Amino acid sequence: MKSIVITGGTGDLGSIVVPRLATDYRCAVVYRSEESRKRLAESDRVVAVPDGGDVAAFAPVYGLVLLAGGFAGGSTAADVERMLEVNLLSAVRAIDAVRPHLASPGRIIAISSAASLAKPAGLAAYTAAKAALNAYVETLAKDLKEKAVTVNALLPTALDTGGKRSTTERLVKRENVAEMIALLLSDQASNVSGQLIAMSA
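These numbers were taken from a predicted model, which means no experiment stands behind them.

(A) Broad picture of the environment of Asp96. Its location among the elements puts Asp96 in helix H3 (residues 77–98). With 53 residues separating them in the primary sequence, Asp96 and Val149 have C-alpha atoms 14 Å apart.

As structure tokens, then:
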């Protein structure tokens with residue numbers, strides 16, 4: 001069975017994505033705290049890995065799914081630094097850790113945001129960080145093309161997570177995101193790379 005590494009798998013989106021992907025893959029789910037680990041239902045197909053832990057045990061790693069990220073408003077230098085850390089640099093570090101162990105062919109899938117394209121008022125730091133992630137994904141896809149590793153990003157509008165479920169805003173179902181990730185991991189998507197895939201409700 002192919003192994004994949006998932007960051008952010010203990011959050012709201014991960015609670016849907018991890019069980020879906022575990023039907024087809026052995027999932028190494030990176031966690032940052034014992035509290036977050038407790039939210040993870042471990043099994044023979046779902047294994048918890050501490051942040052910074054060695055993923056070599058799961059080599060060859062067929063896919064890396066980057067669910068980790070954060071959301072906040074603001075436009076100050078501190079806001080930008082915080083958003084770059086959680087939305088770009090955390091992804092880059094995860095890719096650095098997994099890259100030596102990536103299979104060929106392989107897959108990298110990141111969660112970005114439709115806000116990186118729409119650029120709504122009040123979210124300068126957030127949209128800048130997600131736009132940087134988009135550019136990184138597009139360029140990395142070119143770098144890894146010869147190794148047959150595809151790199152793509154999903155750009156959903158607001159997800160049906162947390163308190164947003166009670167709003168009147170139309171929200172993207174987490175199940176739909178999980179299915180799109182599963183599709184991008186599949187053989188059918190072997191020629192899809194460097195794409196920023198928008199998802200709306």
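Let us keep going from here.
(B) Region of interest: helix H1 (residues 14–21). Three or more residues of H1 are buried, namely Gly14, Val17, Val18 and Leu21. Summarising the axial view, the buried residues of H1 lie within an arc of 95°, below the 170-degree limit, and thus occupy one face. On its buried side, H1 packs onto strand E1 (3–7), strand E2 (26–31), strand E3 (46–50), strand E4 (61–66) and helix H6 (174–185).

(C) Representation of empty space enclosed by the protein. For the coordinates displayed, the defined rule picks out one cavity of 30 Å³ or more. In this structure, the largest cavity encloses a volume near 30 Å³. Forming the boundary of the largest cavity are Leu66, Ile95, Ile108, Ala110, Leu133, Tyr136, Val137, Leu140, Val151 and Asn152. Those elements giving two or more residues to the lining of the largest cavity turn out to be strand E5 (102–111), helix H5 (124–143) and strand E6 (149–156). Top element by residues in the lining of the largest cavity is H5. It accounts for four residues.

(D) Up close: the nonpolar core. Core analysis: the largest hydrophobic core is formed by 31 residues, its most contacted members being Leu21, Val177, Ile181 and Leu185. In terms of residue count, the dominant contributor to this core is H6 (six residues). In this structure Leu21 touches Ile4, Ile6, Cys27, Val65, Ala178, Ile181, Ala182 and Leu185, once residues within four positions along its chain are discounted. Ranked by size, the runner-up nonpolar core spans 27 residues in total, among them Val30, Leu88, Leu133 and Leu155.

(E) Structural detail: the sheet that holds strand E7 (residues 196–199). Taken together, the seven strands give an open sheet; going across it, the order is E3-E2-E1-E4-E5-E6-E7, and neighbouring strands pair in parallel fashion. Pairing within the sheet leaves two strands with one partner each, and these edge strands are E3 and E7. Ignoring which end each strand starts from, the neighbouring axes of this sheet average 20° apart. Of the pairings in the sheet, the one linking E2 to E3 comprises five bridges and is parallel in character. In the strand pairing of E3, Ala28 is matched with Val47. Strand contacts of H6: E1, E4, E5, E6 and E7, with the helix running at about 155° to E5, the strand carrying the most contacts.

(F) Examining the layout of surface pockets more closely. As a volume, the largest pocket reaches approximately 1200 Å³. The wall of the largest pocket is formed by 49 residues, among which Leu67, Ala68, Gly69, Gly70 and Asn87 lie closest to the centre. The set of elements that each furnish at least two residues to the lining of the largest pocket consists of E1, E2, E3, H3 and H5. Examining the composition of the lining of the largest pocket, we find that eight residues originate from one element, H3, more than from any other. Residues that form the lining of the largest pocket fall into these classes: 25 nonpolar, 16 polar and eight charged. The space that makes up the second largest pocket amounts to roughly 160 Å³.

Scoring rules and cut-offs
Starting afresh in each chain, residues are numbered from 1 along the sequence in its written order. A pLDDT threshold of at least 70 governs which residues receive local features in this predicted model, and a stricter bar of 80 or more applies before side-chain atom pairs are shown or counted, although totals over entire chains, interfaces and linings include all residues. For side-chain calculations, the full set of non-hydrogen atoms in the structure is used, while hydrogens and water are omitted. We count a stretch as a helix when DSSP gives it H or I for four or more residues in a row; a strand needs E for two or more, and each element gets its number in order from the N terminus. Each residue gets one of three labels from its accessible area relative to the maximum for its type: buried under 20%, exposed over 50%, partly exposed in between, using a 1.4 Å probe on protein chains only. Picture the helix axis, draw a direction to every C-beta atom, and the arc is the one those directions span. Residue contacts follow a heavy-atom distance rule, with two residues in contact if any of their heavy atoms lie within 4.5 Å. Here a cavity means grid points, on a 1 Å grid over the protein atoms only, where a 1.4 Å probe fits yet cannot get out; a pocket means an open set of points with protein on both sides within 12 Å along at least five of seven lines; lining residues are those with an atom within 4 Å of a point. Grid points are joined across faces, edges and corners, and a volume is the space filled by probe spheres set on the points. For our purposes a nonpolar core is just a set of buried Ala, Val, Leu, Ile, Met, Phe, Trp, Tyr and Cys residues, chained together by side-chain atoms within 4.5 Å. Paired strands, as defined in this entry, are two strands with at least two bridges between them according to DSSP. For helices, the fitted line uses only the C-alpha atoms of the stretch in contact; every axis is such a line through C-alpha atoms, and the angle between N-to-C directions lies from 0 to 180 degrees. All amino acids are sorted into three groups, where Ala, Val, Leu, Ile, Met, Phe, Trp, Tyr, Cys and Pro are nonpolar, Asp, Glu, Lys and Arg are charged, and the leftover types, Gly among them, are polar.

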